[in-house]
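One-letter residues, chain by chain:
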Amino acid sequence: DQQVKQNSPSLSVQEGRISILNCDYTNSMFDYFLWYKKYPAEGPTFLISISSIKDKNEDGRFTVFLNKSAKHLSLHIVPSQPGDSAVYFCAASASPGTYKYIFGTGTRLKVLA
Amino acid sequence: ETGVTQTPRHLVMGMTNKKSLKCEQHLGHNAMYWYKQSAKKPLELMFVYSLEERVENNSVPSRFSPECPNSSHLFLHLHTLQPEDSALYLCASSQDLPGAGVNQPQHFGDGTRLSIL
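I will try to describe carefully the structure that is included in this document. (Residues numbered from 1 in each chain as written. Chains lettered and ligands numbered in written order. Predicted model: local features only at pLDDT ≥ 70, side-chain atom pairs only at ≥ 80, totals over all residues. Heavy atoms only, no water.)

### Examining the overall build of chain B
Our working rule: The helix count covers DSSP runs of H or I at least four residues long, the strand count covers runs of E at least two residues long, and both are numbered beginning at the N terminus. The reference for a compact globule is 2.2 Å times residues^0.38; the radius of gyration itself is calculated from the C-alpha atoms. Partly exposed describes any residue whose relative accessible area lies between the buried limit of under 20% and the exposed limit of over 50%, with all areas from a 1.4 Å probe on protein chains only and scaled to the type maximum. Note on contacts: a residue pair is in contact if any heavy atoms of the two residues lie within 4.5 Å. His residues and chain termini do not enter the charge count, which takes Lys and Arg as positive and Asp and Glu as negative. Every charge is mapped to an atom, namely NZ of Lys, CZ of Arg, CG of Asp or CD of Glu.
Broken down by element type, chain B carries zero helices and 11 strands. Overall, chain B shows an N-to-C arrangement of helices and strands of β-β-β-β-β-β-β-β-β-β-β. Computed over C-alpha atoms, the radius of gyration of chain B comes to 14 Å, within 12% of the 13 Å expected from 2.2 N^0.38 for 117 residues, which places it in the range of a compact globule. Along the longest, intermediate and shortest principal axes, the C-alpha atoms of chain B span 45 × 30 × 30 Å. The 117 residues of chain B split such that 46% are buried. Within chain B, residue pairs in contact and separated by at least 24 positions form 56% of the contacts whose partners lie at least 6 positions apart. Charged side chains of chain B number 10 positive and 11 negative; the gap between the two group centres comes to 11 Å.

### Here's the deal with the interface of chain A and chain B
The extent of an interface is frequently quoted as the accessible surface area lost upon association of the parts. To keep it simple, the criterion reads: By buried area we mean how much accessible surface two parts lose on assembly, using a 1.4 Å probe and totalling the loss over both. For this document, the term salt bridge refers to a Lys or Arg side-chain nitrogen within 4 Å of an Asp or Glu carboxyl oxygen. Only Asp, Glu, Lys and Arg are considered charged in this grouping, and only Ala, Val, Leu, Ile, Met, Phe, Trp, Tyr, Cys and Pro are considered nonpolar; every other residue, Gly among them, is considered polar.
Each partner contributes to the interface: chain A provides 22 residues, whereas chain B provides 25 residues. Carbon and sulfur atoms supply 61% of the area that chain A and chain B bury against each other, a total of about 1900 Å² over both sides. In this structure, the connection of chain A to chain B is made through zero salt bridges. Among the elements of the structure, β4 (30-38), β5 (45-51) and β9 (86-94) of chain A are those that each provide at least two residues to the side of chain A that touches chain B. Sorting elements by how many residues they give to the side of chain A that touches chain B places β4(A) first, with four residues. Its residues assigned to classes, the side of chain A that touches chain B shows 11 nonpolar, eight polar and three charged.

### Things to note about the packing of aromatic side chains
Put simply, the test is: Aromatic pairs are defined between Phe, Tyr and Trp rings, using the six-membered ring for Trp, whenever the two ring centres lie within 6.5 Å; interplanar angles under 30 degrees are classed as stacked, those over 60 as edge-to-face, and all others as tilted.
Applying the stated criterion to the full structure yields 11 aromatic pairs over all chains. Taking 6.0 Å as the distance between ring centres and 70° as the angle between the ring planes, the aromatic pair formed by Y36(A) and F46(A) counts as edge-to-face. Residue Y36(A) is located in strand β4, and its partner F46(A) is located in strand β5; the two are separated by 10 residues in the primary sequence. F46(A) gets classed as partly exposed once you look at its relative accessible area, which sits at 27%. Among the aromatic side chains, those forming a connected cluster through ring pairs are Y36(A), F46(A), F103(A), Y33(B), Y35(B) and F108(B).

### Brief notes about the nonpolar core
Rule in force here: Buried Ala, Val, Leu, Ile, Met, Phe, Trp, Tyr and Cys residues that are joined via side-chain atoms within 4.5 Å together make up what is termed a nonpolar core.
Core analysis: the largest hydrophobic core is formed by 24 residues, its most contacted members being F33(A), W35(A), L73(A), L75(A) and Y88(A). Those elements that place two or more of their residues in this core are β3 (19-25), β4, β5, β7 (62-67), β8 (72-77), β9 and β11 (107-112) of chain A. Sorting elements by how many residues they give to this core places β9(A) first, with five residues. For F33(A), the contacting residues outside a window of four places in its chain are Y25(A), I48(A), S49(A), I50(A), L66(A), L73(A), A91(A) and A92(A). Formed by 22 residues, the second largest nonpolar core is a distinct cluster that contains C23(B), F64(B), L76(B) and L78(B).

### Some details on the sheet that holds β8(A)
Cut-off, in case you're wondering: Being paired, for any two strands, means DSSP has found at least two bridges between them.
Taken in spatial order, the five strands line up as β1-β3-β8-β7-β6 (chain A) in an open sheet, and their pairing is antiparallel. Here the strands that pair on one side only, and so sit at the sheet edges, are β1 (4-5) and β6 (56-59) of chain A.

Geometric values such as these leave the question of function open.
Written out as structure tokens, the structure is:
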């Protein structure tokens, strides 16, 4: 049973517009959420994270929103740039006592010039 | 440059071969991980080490054998693999384990693309 779901396998956005990537989770014990970006032939790179005590975290063009009641988080990229084209993974972990980050299957973002 | 280096980047082996994947982290982290990524599936955690001690073995077949000689190095020894073991194997490290009181991301290597003939 997949505890972290990214239901959109792909997304295309025009350069300069907003990209919104979504992630849903089922485990209410998750309290830390992360987004990773992955280019082909490279490992995932950490992008931004959010703790469950917050509902928003912003870093430059990237903002993550957390809706705990809906068990939903989203990553907003604005403005989108062609270099943002990559696969984006969301991940979650629960504390204390677990050693796992649970990953989604990823969403491939293509930013069109 | 992620601070986590994996070698080799690509490996093709027969089912009866023995090979090893190597991971080295230069970040001073205490926790290291092996993940498997198959096509269209989420990253699948295989093993977790904290301060050279294995803390998680996620129901991985015994044909995969990890080794952590020190906190900077992690190996995955492979023996009599099956075609379904063909995948991208990713190593990661973090300062400490998740849930250790401080939230922190994992840093990944670029992976080893493994193909079993």
